[in-house]
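Coordinates in review
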Amino acid sequence: AWACIKRRPNVVVLQKVAPPALLTFYLRIAARRLVFELDDAIYLGYPGEENERHRVARRVRLLVSASDRVVTSNALIASDLSSHSRRPPTVFPGPAPALRERGPAEPGSSVIALWLGSPSTYHNFQSTILPTWMALKAHGIQLLAVGAPETTLAEGVDARVWSTDVESFALAASQIGVMPLERSE
């Protein structure tokens, strides 16, 4: 923050973090233009205490109202933030996967459940989703984990590093989607 105040940069871009109110205030004073790129995991809230989620929500609202430009990953979040923003938020979800048409399931084929997450939601996958799937494994449900680290998670789990091609394949191949977060609104 002190470096910003001394130099008075033309643009300061904040990504994937909602700083405390005092730091937001200093950044707003220092930056000629303040751009906030809101990560959907921050907006939806990491699993944790209720107080922590409320604290992050207050920080996000303050930063959105102080920013000259808000960029987010989807139209639903942009719509939600528009009441706090001076300008309509810009939707930039990054590289979008090319969805393939899903054909009919073959008789006798197993059902594929897809967890499409990221390193920031992986802890919850490990602590909540993986143990639940272990109980369902006997019912012929396979688990495809996209966005997980390149490690062996458990026998029968197909873990893949995220890319647009992997996401396209996974969305076309799966029948059940599993939320990356333990709880969300």
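These numbers were taken from a predicted model, which means no experiment stands behind them. (Residues numbered from 1 in each chain as written. Predicted model: local features only at pLDDT ≥ 70, side-chain atom pairs only at ≥ 80, totals over all residues. Heavy atoms only, no water.)

What follows concerns the pairing of strand β3 (residues 69–72). The pairing of strand β2 (residues 33–38) with β3 spans 4 bridges and is parallel. Paired with V35 across the strands is R69, a residue of β3. Bridge analysis of β3 against strand β4 (residues 90–91) gives 2 bridges, and the strand direction is parallel. Paired with V71 across the strands is T90, a residue of β4. Taking the sense of rotation as the criterion, the β-α-β connection linking β3, helix α5 (residues 75–81) and β4 turns out right-handed. (Pairing = 2+ DSSP bridges. Helix = DSSP H or I, 4+ residues; strand = E, 2+ residues; numbered from the N terminus. Right-handed = clockwise from strand over helix to strand, strands pointing away.)

Picture the strands of a sheet paired through backbone hydrogen bonds; they go either parallel or antiparallel. Strand order in the open sheet formed by 4 strands is β1-β2-β3-β4, with parallel pairing between adjacent strands. If you trace the sheet from one side to the other, it starts and ends with β1 (11–15) and β4, each paired once.

With that out of the way, let us pick up a nonpolar patch on the surface. Residues L22, L23, F25, Y26 and I29 make up a contiguous nonpolar surface patch of roughly 460 Å² in combined accessible area. Residue placement: I29 occurs in helix α2 (residues 21–30). Residue classification places I29 among the partly exposed positions, given a relative accessible area of 46%. (Patch = residues over 30% accessible without salt bridge, like charges linked within 9 Å, V, L, I, M, F, W, Y side chains within 5 Å. Areas by Shrake-Rupley, 256 points an atom, 1.4 Å probe, with all protein chains shown as cover. Salt bridge = Lys/Arg side-chain N within 4 Å of Asp/Glu carboxyl O. Buried < 20%, exposed > 50% of the residue type's maximum accessible area, 1.4 Å probe, protein only.)

This next bit is on the packing of aromatic side chains. For the coordinates displayed, the defined rule picks out 1 aromatic pair. For the ring pair F25 and Y26, a centre distance of 5.9 Å and an interplane angle of 55 degrees mean the geometry is tilted. When its relative accessible area of 49% is taken as the criterion, F25 is described as partly exposed. By relative accessible area, which is 31% here, Y26 ends up partly exposed. (Phe/Tyr/Trp six-rings, centres within 6.5 Å; stacked < 30°, edge-to-face > 60°.)

Under the counting rule described, the total for this entry stands at 3 salt bridges. Across the salt bridge formed by D68 and R28, the nearest N and O atoms sit 2.9 Å from each other. Placement of D68 in the loop between α4 (50–66) and β3 and of R28 in helix α2 is noted, with a sequence separation of 40 residues between them. With a relative accessible area of 22%, R28 lands in the partly exposed category. Between D158 and R160 there is a salt bridge, and its shortest N-O distance comes to 2.9 Å. Taking relative accessible area as the criterion, D158 reaches 32% and is therefore assigned partly exposed. You can call R160 partly exposed: its relative accessible area is 30%. Beyond isolated ion pairs, a larger network of salt bridges with shared partners links R28, D68 and R86.

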